[in-house]
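# Structural description and commentary
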Amino acid sequence: MNAQKFEPDNGQVLVFIGQDLEAVGGLKDYTKGYTDYFKTPAGITVYTNLSPGDESYGYYNKGLDGIKTMANWGAGDTHADIYLQDSTFKNTAIAIGLSFVNHEKNIAKGQHDHLIEELAEWIIASNRPIFLRIGYEFDGWDWNHYNRKQYLKAWKRIHTIFKTMQVNNVALVWQSKGTGSDQKVLEQWYPGDDLVDWCGYSYFGQPDQEMLTFARQHNKPVFIAEATPVREIDNLYFNSDLKDENIDKVIWDEWFEPFFKTIRDNLDVIKAFSYINVDWASQPMWITNPTFQKVDSRIQVSKYVSIKWEEEMEKPLYLNASDALWEKLLKN
């Protein structure tokens, strides 16, 4: 298949870390995150929105929050500009989760064009590879409730504006929640081969492989855009706290090993992953959430998992930040 935008060479996978400033670390005011203990990743993950006026845990959106300004929706501080201004991340790509729940019709009608244009300008000025996850987890019916018709129209409008403004350093990622959507559902929600650069999905418990099947059929690379160790059996959630020395080895065996095996077994399509390195249980958004309330996925809090992680990351298939990274990515 022909290489897609920013797709690495066959057999190589981009390593991203997310999903807030504290989780990533390596910064003046955030010094206990992933990057303070491990290699600077190929990319980092941030979030923003096209949802002015909406509220989350006391924070009211203005639109494009977390890009040029600090934002916190109850899940950690987010501020993309901080990465652009710090030399630690001079060679990292950025994956942006772009939410617009409740606003897809407004976008389709052109009412948020000014925000889309402002985001396009920021992406161009970033002068680095940007992966934009438009309306991520479109099939998360319980929390995102997108309208399919308007979602697809919104996606097309964003694509059209970006094309008109010649935003050449962006790859558009279409991301499923990773479970429960069969091929028929995915086809119904798919914006189209000409509008999508990458397919993506979330990897929390043990997701299905529907998106991998779909991506192969459409000749698209896959980004595991959100991944964190959730131990789940039949909607029962078990302790996934890496601080707990009694279970960190179990978590490695039950979640990390299958996760890395999934990547190795599907290197023909899986070309990037983003690991969420967060103490979920400490953040207001997740304290009462059954999926994440027992999760501390910070690798550095477990000596055992840290050693195993570093061993895995030393394998040549994983790409971290380097002076040569962008040259590799920008050729596609």
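The following refers to the structure shown. If you're wondering where the values come from, they're calculated on a predicted model, not measured in any experiment.

## What about the nonpolar core?
If you look at the biggest cluster of nonpolar residues, it comprises 78 residues, and the most contacted ones within it are Phe162, Trp174, Phe256, Phe260, Phe273 and Trp309. The biggest single contributor to this core is helix H8 (residues 248–265), with 7 residues. Sequence-distant contacts of Trp309, defined by excluding residues within four places in its chain, comprise Tyr34, Phe38, Trp252, Phe256, Phe260, Phe273, Tyr275 and Ile299. Counting 17 residues, the second largest nonpolar core, distinct from the first, contains Phe6, Ala225, Ala272 and Leu325.

## A word on the packing of aromatic side chains
To describe a pair of aromatic rings, you give the distance between the ring centres and the angle between the ring planes. Following the criterion strictly, the structure yields 47 aromatic pairs and no others. On the basis of an interplanar angle of 45° and a centroid distance of 6.0 Å, the ring pair of Trp252 and Phe260 is categorised as tilted. Both residues of the pair, Trp252 and Phe260, count as buried. Lying over the aromatic face of Phe6, Lys5 brings its terminal NZ or CZ to 5.4 Å of the ring centre. Geometry around Tyr304 places Lys249 over its ring, the cationic atom sitting 4.8 Å from the centre.

## Here's the deal with the pairing of strand S2 (residues 43–49)
With 7 of 7 residues buried, S2 is to be regarded as a mostly interior element. Of the two faces of S2, the one holding Gly43, Thr45, Tyr47 and Asn49 and the one holding Ile44, Val46 and Thr48 are both buried throughout. As paired strands, strand S1 (residues 13–18) and S2 are joined by 2 bridges and run parallel to one another. From the neighbouring strand, Phe16 faces S2, where its bridge partner is Gly43. In the sheet, S2 pairs with strand S5 (residues 93–99) via 7 bridges, with the strands oriented parallel. Paired with Tyr47 across the strands is Gly97, a residue of S5.

## With respect to the pattern of salt bridges
In the structure shown here, the tally under the stated rule is 14 salt bridges. Across the pair Glu7 and Lys271 runs a salt bridge whose closest N-O atoms are separated by 3.8 Å. Of this pair, Glu7 sits in the segment before S1 while Lys271 sits in strand S13 (residues 270–276); the two residues are 264 residues apart in sequence, bridging distant segments of the chain. Here Asp279 and Arg298 are joined by a salt bridge, their closest N and O atoms 3.8 Å apart. Note that Asp279 is positioned in the loop between S13 and strand S14 (295–296) and Arg298 in the loop between S14 and helix H9 (303–313), a separation of 19 residues in sequence. One network of salt bridges, with partners in common, ties together Asp241, Lys243, Asp279, Asp296 and Arg298.

Analysis parameters
- Residues numbered from 1 in each chain as written.
- Predicted model: local features only at pLDDT ≥ 70, side-chain atom pairs only at ≥ 80, totals over all residues.
- Heavy atoms only, no water.
- Core = buried A, V, L, I, M, F, W, Y, C linked by side-chain atoms within 4.5 Å.
- Buried < 20%, exposed > 50% of the residue type's maximum accessible area, 1.4 Å probe, protein only.
- Helix = DSSP H or I, 4+ residues; strand = E, 2+ residues; numbered from the N terminus.
- Contact = heavy atoms within 4.5 Å.
- Phe/Tyr/Trp six-rings, centres within 6.5 Å; stacked < 30°, edge-to-face > 60°.
- Lys NZ or Arg CZ within 6 Å of the ring centre and 35° of its normal.
- Pairing = 2+ DSSP bridges.
- Salt bridge = Lys/Arg side-chain N within 4 Å of Asp/Glu carboxyl O.

Honestly, it's all geometry; don't read function into it.
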